[in-house]
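Chain by chain, the residues run as shown.
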Amino acid sequence: MSNPTIYDIAKKAGVSAATVSKVLNGRSDVGRKTIEKVKRITEELGYQPNSIARGLATKRSKTVGVFFEDHLNSGFRHPFLQDILASFKDVIGAKGYDLIFFANNHPDTQLESFEARAYNRNVDGLVLLGVPRSHPNLTSLAQSEIPCMSIDLDLQGPRASYLSSDNIGGAIKGVDFLVEMGHKDIAFIYDVFGTKPGYDRLVGFKKAMESHGLAIRQEWLVNGDFSEPGGYKATKGLLASNPVPTAIFCASDMMAIGAMKAIKEQGLQVGVDVSVIGFDDIKLLQYITPGLTTVRQNTEEMGKHAALELLKLMDNASSVPNVLTIDTELVIRESVAKRTSESLPTN
């Protein structure tokens, strides 16, 4: 049968077209045996739902819009955001939703608001990844009626939830481990762009240092940009200082990789002369020697819970938005040495 309709399915199944529609749209107010029968006949007839017609009938497009940005312009090559997005896609796709990615270089990007572009594409909800806090259109989006889920961006509103890792707690775990390993002179390479994760990790670092009664040297708090070159440049400056820190805590793994390169170029050994800790636990670390001790973000759980929260907002207009925090884990490898001497490396 060419181009079968729901009426064809209903006739063969001996049910109403309304019942077939409920089954195809995942409604729960239909008996299990009826659901199984309708699904079997749907497959037999090769029925393919018309998404436009379904959207007109249900006022739902079954699509989610994605605004995906990062300040380094690495796009889908970004080692952290792509893992979150993969998990998000799996959960949202299992509920029948497709994703629409909005281009960052679209000619109307600077003219149209997030919500204008969302309405234009008739998406049911939005997810924001890597969008900076300083974006001028965030305020209006937060107050809109569009269900919205932000990751690593503290966007809150009547229909806006957000999710992030426990970045403060993760930074505290990193410092606690360094102190446990005998380090007192610890530098921190942080985020120059003022993102929420970068800010929270700096807060956590300072809290942990203060809780251990350790001095925070302002010259050892160095700006970076979450990139390998940023970590390399910052570490070159730290190694030129006198004294030199015994450990460097980087707010991202990419900066830690750059830091390790700078240490090696100086003729020093990572994990022997200078210890290094990162943050993220990106897949690239499996190729890095020595193994980088880092604070792992659970990207699979982040993507999963972001998707579940957005589904809740889209399915229930009275749902109360939430702030979700995913725990972090310290992963110990070879880049941190036990400090047995009080002396610092010197130039």
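The model shown is predicted, which means the values in this text are computed figures rather than measured ones.

*Asks:* Sorry if this is basic, but what is going on with the sheet that holds strand β7 (residues 221–224) here?
*Replies:* Whether parallel or antiparallel, the strands of a sheet pair through hydrogen bonds between backbone atoms. Here 6 strands make up an open sheet; going across it, the order is β7-β6-β8-β9-β10-β12 and the pairing mixed. The open sheet has two edge strands with one neighbour each: β7 and β12 (328–331). Averaged over all pairs of adjacent strands, the angle between their axes in this sheet comes to 20 degrees, without regard to strand direction. Both strand β9 (residues 275–280) and strand β10 (residues 293–297) contribute to a ladder of 4 bridges, which runs parallel. Bridge pairing in β10 links G278 to T294. Against the sheet, helix α8 (residues 167–180) contacts β6 (186–191), β8 (247–250), β9, β10 and β12, and its axis sits at roughly 25 degrees relative to β12. Together, β6, β7, β8, β9 and β10 form the strand contacts of helix α9 (residues 196–211), whose direction differs from that of β6 by roughly 160 degrees.

*Asks:* Explain the nonpolar core here, please?
*Replies:* Grouped burial of nonpolar side chains is what soluble globular proteins tend to show. Core analysis: the biggest nonpolar cluster contains 44 residues, and F205, I248, F249, C250 and V276 have the highest contact counts within it. Counting residues per element, the ones that place at least two in this core are α8, β6, α9, β7, α10 (228–239), β8, α11 (253–265) and β9. Looking at which element gives the most residues to this core, the answer is α11, with 7 residues. When near neighbours in sequence (up to four residues on either side) are disregarded, I248 contacts A187, I189, T235, L238, I263, V274, S275, V276 and I277.

*Asks:* Is there a simple way to explain the pattern of salt bridges in this structure?
*Replies:* A side chain with one charge can pair with a side chain of the opposite charge if their charged atoms come near. Going through the model one piece at a time under the given rule, you end up with 15 salt bridges. Between E36 and R32 there is a salt bridge, and its shortest N-O distance comes to 3.1 Å. Taken together, the positions of E36 and R32, both in helix α3 (residues 32–45) and 4 residues apart, correspond to about one turn of that helix. Here E329 makes a salt bridge to R296, at a shortest N to O gap of 3.3 Å. Here E329, found in strand β12, pairs with R296, found in strand β10; they are 33 residues apart in sequence, far enough to count as distant. Take R296: its relative accessible area is 30%, and that puts it in the partly exposed class. Linked through salt bridges whose partners overlap, the residues forming this network are D281, R296, E329 and R333.

*Asks:* Teacher, can you tell me more about helix α12 (residues 299–315) here?
*Replies:* The periodicity of an α-helix, 3.6 residues per turn, causes residues three or four positions apart to be oriented the same way. For α12, spanning 17 residues, the distance from its first C-alpha to its last is 24 Å, which sits close to the expected 24 Å at 1.5 Å a residue. All buried positions along α12 are accounted for by T299, M302, G303, A306, A307, E309, L310, L311, L313 and M314.

*Asks:* I tried to follow the pairing of strand β3 (residues 125–129) on my own but got confused; where do I start?
*Replies:* On any regular strand, side chains alternate: one points to one face of the sheet, the next to the other face. Most of β3 sits inside the fold, with 5 of its 5 residues counted as buried. On β3, burial covers both faces: G125, V127 and L129 on one face and L126 and L128 on the other are all buried. As defined by bridge partners, β3 adjoins strand β4 (residues 148–151) across 4 bridges and the pair is classed as parallel. Looking at the pairing, L128 lines up with S150 of β4.

*Asks:* Would you mind showing me how to read the sheet that holds β3 here?
*Replies:* In space, the 6 strands of this open sheet follow the order β2-β1-β3-β4-β5-β11, with parallel pairing throughout. The open sheet terminates on both sides in strands that have one partner only, identified here as β2 (98–102) and β11 (323–326). Between one strand axis and the next, the sheet turns through 20 degrees on average, direction left out of account. The pairing of strand β5 (residues 160–165) with β11 spans 4 bridges and is classified as parallel. Residue S165 lies in a different strand from β11, and its bridge partner there is I326.

*Asks:* It is not clear to me how the side chain of K62 should be interpreted in this structure. Could you clarify?
*Replies:* Take K62: it is sitting in the loop between α4 (51–58) and β1 (63–68). A distance of 3.1 Å separates a polar side-chain atom of K62 from the backbone oxygen of K95.

*Asks:* Quick question: what am I supposed to make of the packing of aromatic side chains here?
*Replies:* Within a pair of aromatic rings, the relevant descriptors are the distance that separates the centres and the angle that separates the planes. Inspection of every chain in the model, using the stated rule, returns 4 aromatic pairs. Ring plane angle 5 degrees and centroid distance 4.4 Å describe the contact between F67 and F102, whose orientation is recorded as stacked. Of the two residues, F67 is situated in strand β1 and F102 in strand β2; the sequence distance between them amounts to 35 residues. For F67, a relative accessible area of 2% translates into the label buried. When the ring of F188 is compared with that of F205, the centres are 4.7 Å apart and the planes differ by 25 degrees; the resulting orientation is stacked. A residue pair is termed long-range when its members are at least 10 positions apart, and F188 in strand β6 and F205 in helix α9 qualify at 17 residues. A relative accessible area of 0% places F188 in the buried class. Through a chain of ring-to-ring contacts, the aromatic side chains of F67, F102 and F114 assemble into a single cluster. Cation over ring: R201 sits above F279, and NZ or CZ is 3.9 Å from the ring centre. Here K261 stacks its cationic end above the ring of Y232, 5.3 Å away from the centre of that ring.

The rules behind the values
- Residues numbered from 1 in each chain as written.
- Predicted model: local features only at pLDDT ≥ 70, side-chain atom pairs only at ≥ 80, totals over all residues.
- Heavy atoms only, no water.
- Pairing = 2+ DSSP bridges.
- Helix = DSSP H or I, 4+ residues; strand = E, 2+ residues; numbered from the N terminus.
- Axes fitted to C-alpha atoms, helices over the stretch in contact; angles between N-to-C directions.
- Contact = heavy atoms within 4.5 Å.
- Core = buried A, V, L, I, M, F, W, Y, C linked by side-chain atoms within 4.5 Å.
- Buried < 20%, exposed > 50% of the residue type's maximum accessible area, 1.4 Å probe, protein only.
- Salt bridge = Lys/Arg side-chain N within 4 Å of Asp/Glu carboxyl O.
- Expected span 1.5 Å × (residues − 1).
- Polar contact = N/O pair within 3.5 Å; in protein donor to acceptor, adjacent residues only side chain to side chain.
- Phe/Tyr/Trp six-rings, centres within 6.5 Å; stacked < 30°, edge-to-face > 60°.
- Lys NZ or Arg CZ within 6 Å of the ring centre and 35° of its normal.

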